[in-house]
Amino acid sequence: MKLVNFLLLLLCSSVFAQEASLSLKSTQDVYSIKPSAFHYNDFSGAISTKQQFIDQPQLLSPFNEEQKKPHSQQYDRWLKVTLINESQTTQWYLSFGFARLPKLAVYWQNTPDEAPIYQLTEHSAFDDRAVQDPQTYIPISIAAGEIKTLFVKYQTFANAPANIRIHSPAHYMKTSQTSLVTNAALAGVIAAILLIVVVNLWFNMNLTNVFYAIWTFLFFIIVVDMAGFTYQYIWPSHGAFAGLFSIGLMAVVPIFHLLFVRGFLQLEYHNVFLDKLYIGSTLLYCLLLPIALYLETVYYNLITSTLIIPLFAYTCWWSLKQSAPGIRIFALSLFNHILFLNVLTIMGASYGNAFDVFEIASYIKIGYLVEVCLFTIAMAIQHKSVQKQLVFQLQNQVNSLNQTVAFEKLTSEQQKHDIKKHEAQLFTDLSHELRTPLTVMKIQVESLQHNIVDNVHDSYVKLMDKIDELNQFINSLMLVTSSGDMHKLLKLQNVTLKPFINEVHQECQHLVDMRRQSLNLNSQITELQCIQFDPDALKKVILEVVKNALRFGGKDVEVQLSFLQDADGVIIRIEDSGTPLTYEAHQQLFQPLYRQEASRSAMLGGKGMGLAMCKKIIEAHRGKISSHNSLLGGLCIELKLPKSLATAA
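From a predicted model like this one, the values you see are computed outputs, not experimental measurements.

Asks: Looking at this structure, how should I read the packing of aromatic side chains?
Replies: By convention here, two paired aromatic rings are described through the distance between centres and the angle between planes. Inspection of the entire model under this criterion finds 24 aromatic pairs. Ring-pair connections join several aromatic residues into one group, and the members of that group are Y40, F53, W78, Y107 and F151. A cation sits over an aromatic face here: R100 above Y231, 5.8 Å from the ring centre.

The following block contains the structure:
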């Protein structure tokens, strides 16, 4: 065992004996350190000082494929590089491609003490930086012609690979200004897109647009945070919180991205299986959020985002097969997300230097910017299609409304015409009904006036009969045409149905000519024994209808009187075997003064007030009266009394 340790120490010492050098020339402004330096990983946190790094290199892991495996915990990285200054520039700047590093310490090899020339921790404030720049720049001094060995100990967010470079002063100023302008412009573009999204949300408030607005806002915050603006301007004295904020931001973004994709594609209705996968993935990310904040690492979130690549790939393939508006652009944006965010960024961060051509931050910014633009275009196309459909539907509704208005106008005009016609007919009928008795009365008066009557007493009796007839007619007319509450005139009482039916049947029998006419009773009242109504008024209605059936049904008319019950109340039907009525006659049968055959009705008696009075009485009982042709061949009058007036026996 001692022999093995000795061999490892000897091997590492031989490695350290080799010098990784980088020449700084006047003809070049920027240098990448990675090809010219030795890189080591301290997975166990065994090395804390420069001297330990020099004396115990066997405790470190040289940079190899082991670094490309994901690690659940943050680990330290060391690099060693010998700088040879062949230029006249003595001030150079070291950059890492990140706005903030959780841990950083820079040493010169030949310094007499162990103190680093520059050091930052996760609790360091922004003002602790030697260079007040949103990005991390470390000034290093090396005299012209001097050779110095540089040691750097650092950590990166989520163990992502760092793009460590050395800049000349001119190049540092150029890079810093370019980075500042680029990040500010990118933030402005995202802010403009966010404004469009918010306006769209204001006019199209739905859950999908809410998720998209939140997701776009989080992307805007990510750009601002990666640019270093949040750390510099919002919480410059809270370095630890800045780290937790970045972790929480990275852990929350996938949740709203999944919710937006699920809502836009309406997977709940179009692909139930895929919808369940998205719900499960969203719940998994929600579960990982407190874990990431507690452990202060997004390791598990990055692993989940790596495993979710097949889900996005299948969603992209499925979307391309759909025919919805904007769906292909949406699929293209999803493919962009897979490429830049899942593959290049997340896998690059999880698996070390798997992809190190550009900075990880650049992948995130480019990927999110392209994705948001494509998503916005896809949603605009979708909304435009929806607006076209809405406009088409509105046009149809407007056309239908115009047709309805035109039809209602025509109907209203027709109703006005019918009302005028009815009023004229009513006036004619009323004049006729009044003229006949008045003519008879005039003849009687003239006969009395000229003393040409045989019996004066009989003439006076006839005059009184005609006057009573006119009074009764006028009273009936006023009653059926008044808008007052006739039910207040009713004398409601609890009436036992079977005795009432027998009494009505007996009175109707007195109206029947037994030689040529017949009256049949059909009573099917079983459960309901007693109801509340005015017996005299209802008896009058039934007798009036039976009288009309016997009078107008013909010589050998057959009349059937039926008492039935249903769930709503009691039904009374009076049917005859006479002549059926026309549709127009049924529509006007219960109107005052209506007679289908005026001359025949006048010969048989009646002024067309009977059925109108019947309707008024039944409606006063909160019931209904209707007519239709009977199966017996003639007319059927149906009376319905509601059960709401029924009382227990």
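On we go.
Asks: Help me out: how do you make sense of the side chain of S305 in this one?
Replies: Topologically, S305 is positioned in helix 9 (residues 299-307). Take S305: its relative accessible area is 5%, and that puts it in the buried class. Here Y285 takes part through its side chain, which lies 2.6 Å from a polar atom of the side chain of S305. If near-sequence neighbours (up to four positions away) are discounted, S305 is found in contact with Y285, N342 and I346.

Asks: Help me understand the sheet that holds strand 6 (residues 91-95) in this model?
Replies: The pairing of strands in a sheet comes from backbone hydrogen bonds and takes either a parallel or an antiparallel form. If you trace the 4 strands from one edge of the open sheet to the other, you get 2-11-6-9, paired in antiparallel fashion. Among the strands making up the open sheet, the edge pair consists of strand 2 (30-32) and strand 9 (137-141). The sheet shows a mean angle of 25° between the axes of neighbouring strands, taken without regard to direction. The sheet strands contacting helix 3 (residues 169-203) are strand 2, strand 6, strand 9 and strand 11 (165-167), and the helix crosses strand 11 at an angle near 110°.

Asks: Explanation requested: the pattern of salt bridges in the structure shown.
Replies: Taken as a whole and judged by the stated rule, the model has 10 salt bridges. The salt bridge involving R515 is made with D513; its shortest N-O contact spans 3.3 Å. Judged by its relative accessible area of 19%, D513 falls in the buried class. Connected via shared salt-bridge partners are D76, K103 and K153.

Asks: Can you help me understand the environment of R100 in this one?
Replies: Along the chain, R100 falls in the loop between strand 6 and strand 7 (103-108). Each C-alpha atom of the pair R100 and E122 lies 9.0 Å from the other, and the pair is 22 residues apart in sequence. Setting aside anything within four residues of it in sequence, one finds R100 in contact with E122, R129, T136, Y231, G239, A242 and G243.

Asks: Sorry, what's going on with the side chain of S36 here?
Replies: Among the secondary structure elements, S36 is positioned in the loop between strand 2 and strand 3 (38-42). The exposure class of S36 is buried, given its relative accessible area of 18%. Each residue touching S36, except ones within four places of it in the same chain, is listed here: A20, S21, L22 and V81.

Parameters and conventions
- Residues numbered from 1 in each chain as written.
- Predicted model: local features only at pLDDT ≥ 70, side-chain atom pairs only at ≥ 80, totals over all residues.
- Heavy atoms only, no water.
- Phe/Tyr/Trp six-rings, centres within 6.5 Å; stacked < 30°, edge-to-face > 60°.
- Lys NZ or Arg CZ within 6 Å of the ring centre and 35° of its normal.
- Helix = DSSP H or I, 4+ residues; strand = E, 2+ residues; numbered from the N terminus.
- Buried < 20%, exposed > 50% of the residue type's maximum accessible area, 1.4 Å probe, protein only.
- Polar contact = N/O pair within 3.5 Å; in protein donor to acceptor, adjacent residues only side chain to side chain.
- Contact = heavy atoms within 4.5 Å.
- Pairing = 2+ DSSP bridges.
- Axes fitted to C-alpha atoms, helices over the stretch in contact; angles between N-to-C directions.
- Salt bridge = Lys/Arg side-chain N within 4 Å of Asp/Glu carboxyl O.

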